[in-house]
Amino acid sequence: MFYKCLVGLSLILVLGSCSKSLSPEQQAQVKSLTHELSETDTALSSAVATDAQYSGGAVKALTTLRVQLLQINKALLQQRISAIESGAPMTVKVNTSKPDTERANLLASEIAAQETKAAAAQVKADSAGGGLIGAMAQMETATEQNTLALLRQQYLIAKYGLAPLTVTPRDDARAEASGQAAPTTNPEAATSDNDKIQFEIIKPVLLSKRFATQDYQDYIWFNIQFDPIGLDKPTRAIKGTLILTDLFGEQKFALNWTIDKPMKPGETYTENGSGFDYNKFVDSHQWVLATDLKNMRAKFRVDSILYADDTRRDF
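Rules behind the numbers
Residues numbered from 1 in each chain as written. Predicted model: local features only at pLDDT ≥ 70, side-chain atom pairs only at ≥ 80, totals over all residues. Heavy atoms only, no water. pLDDT = per-residue confidence, 0-100. Helix = DSSP H or I, 4+ residues; strand = E, 2+ residues; numbered from the N terminus. Contact = heavy atoms within 4.5 Å. Buried < 20%, exposed > 50% of the residue type's maximum accessible area, 1.4 Å probe, protein only. Polar contact = N/O pair within 3.5 Å; in protein donor to acceptor, adjacent residues only side chain to side chain. Pairing = 2+ DSSP bridges. Axes fitted to C-alpha atoms, helices over the stretch in contact; angles between N-to-C directions. Salt bridge = Lys/Arg side-chain N within 4 Å of Asp/Glu carboxyl O.

Student: It is not clear to me how the confidence of the model for the protein chain should be interpreted in this structure. Could you clarify?
Tutor: Interpreting fine coordinate detail is not advised for predicted regions of low pLDDT. Residues at a pLDDT of 70 or more form 78% of the protein chain, whose mean pLDDT is 78. The lowest-confidence element of the protein chain is helix α5 (residues 171-178), averaging 41 in pLDDT; the highest-confidence one is strand β5 (residues 235-245), averaging 94. Confidence over residues 1-19 falls short of pLDDT 50; this stretch has 52 contacts with residues more than four positions distant or in other chains.

Shown next, in the form of structure tokens:
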């Protein structure tokens with residue numbers, strides 16, 4: 001049995017060397033974000049140092065996960081600071097809801113309580129010594145620290161409305177840089193056609209969904225049938241994204257997914273017992289858990305196909 005984790009994030013780089021004059025409100029927000037970034041850097045440095053102390057085992061896995069969580073938190077903060085400070089013309093699509101002050105305040109209280117629990121777990125681990133008792137104490141500490149990192153991530157999202165940004169230079173900016181007139185055609189037309197093709201290759205059908213706890217971690221597992229309705233020739237592997245929507249087609253959840261079993265046109269393939277780590281603090285995870293299977297719809301966006309003849313097609 002295996003699972004595929006959803007860990008996906010695009011880092012926004014500082015666009016050029018140009019800058020713009022920030023309003024007082026923007027200056028205050030950048031200052032607050034920079035403070036959060038400094039605290040995250042401190043936590044990340046500590047997590048990296050702890051991770052380096054282990055070469056393997058459960059504690060190593062937990063500390064590595066914490067490093068990844070904090071790296072995501074850092075990227076979220078950096079991309080928002082870059083988006084505010086950059087003077088480059090851009091169109092920004094923010095895949096998140098607006099800042100939620102009430103939720104942020106609630107999470108701040110939970111973070112304070114969790115910091116106390118994490119500190120108590122660390123004291124217990126420091127005095128436990130070696131052996132099995134010491135190992136279990138270290139695992140408890142790592143688990144509490146991971147929970148704290150997750151809470152901080154949700155706090156940042158709630159307070160600042162952070163989420164990965166998709167930044168696309170405007171047509172007039174591209175034209176100005178090249179010295180040419182801006183195109184009159186719709187630049188999104190080709191992308192829309194390409195997206196349509198990507199969704200018409202594999203048709204997924206959700207057969208079952210279940211929640212389970214294993215080795216101190218919660219999971220949601222799926223059994224899914226993949227129907228290659230638009231596949232042109234046999235494959236070795238297909239890489240893409242499984243997207244779950246409500247009955248109206250609104251996207252609620254997305255999971256990076258690789259079909260690593262060979263497929264042939266006209267032959268369906270069923271994958272059992274694959275899913276993701278469940279995080280009770282993530283709204284999309286809560287939706288997947290709470291929503292009945294009959295009220296879900298699934299679609300699969302193909303990003304890359306590796307064919308049986310070793311040729312490859314990327315979208």
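Still more to cover.
Student: Please explain the side chain of T141 as it appears in this structure.
Tutor: Structurally, T141 is set in helix α4 (residues 131-160). Exposure remark for T141: the relative accessible area of 4% places this residue in the buried category. Separated by 3.0 Å, the side chain of T141 and the backbone oxygen of A121 make a polar contact. Not counting the four nearest positions on each side in its chain, T141 is found in contact with A121, Q122 and A125.

Student: In this structure, what is going on with the sheet that holds strand β8 (residues 297-307)? I would like to understand it.
Tutor: The pairing of strands in a sheet happens through backbone hydrogen bonds and is either parallel or antiparallel. Pairing within the open sheet is antiparallel, and its four strands lie in the order β6-β5-β8-β9. Edge strands, defined here as strands with exactly one partner in the open sheet, are β6 (251-259) and β9 (312-314). Shown here is a sheet whose adjacent strand axes are inclined to one another by a mean of 25°, direction ignored. Here β5 runs beside β6; their pairing, made up of eight bridges, is antiparallel. Across the sheet, I238 pairs through a bridge with I259, a residue of β6. Strand contacts of helix α7 (residues 283-290): β5 and β6, with the helix running at about 85° to β6, the strand carrying the most contacts.

Student: For this particular structure, what's the right way to read the pattern of salt bridges?
Tutor: Side chains carrying opposite charge are able to pair once their charged atoms draw close together. Taken as a whole, this structure holds eight salt bridges when the rule is applied. Close ionic contact of K252 with E250 constitutes a salt bridge, the shortest N to O distance being 3.7 Å. Among the residues examined, E250 registers a relative accessible area of 45% and is labelled partly exposed.

Student: Is there a simple way to explain the sheet that holds strand β3 (residues 203-214) in this structure?
Tutor: Strand order in this open sheet of three strands is β3-β4-β7, and the pairing throughout is antiparallel. In the strand order of this sheet, the two ends are held by β3 and β7 (269-277), each with one partner. Direction aside, the axes of adjacent strands within the sheet are offset by 20° on average. Relative to strand β4 (residues 217-227), β3 runs antiparallel, the two sharing 11 bridges. In the strand pairing of β4, F211 is matched with I220. Running over the sheet, α7 touches β3, β4 and β7 and is turned about 70° from β4.

Student: I'm lost on the pairing of β4 in this one. Help?
Tutor: Here is the key point about a regular strand: its side chains alternate between the two faces of the sheet. Connecting β3 to the next strand, β4, in antiparallel fashion are two residues, including D215 with a positive phi near 55°. As defined by bridge partners, β4 adjoins β7 across eight bridges and the pair is classed as antiparallel. From the neighbouring strand, I220 faces β7, where its bridge partner is F276.

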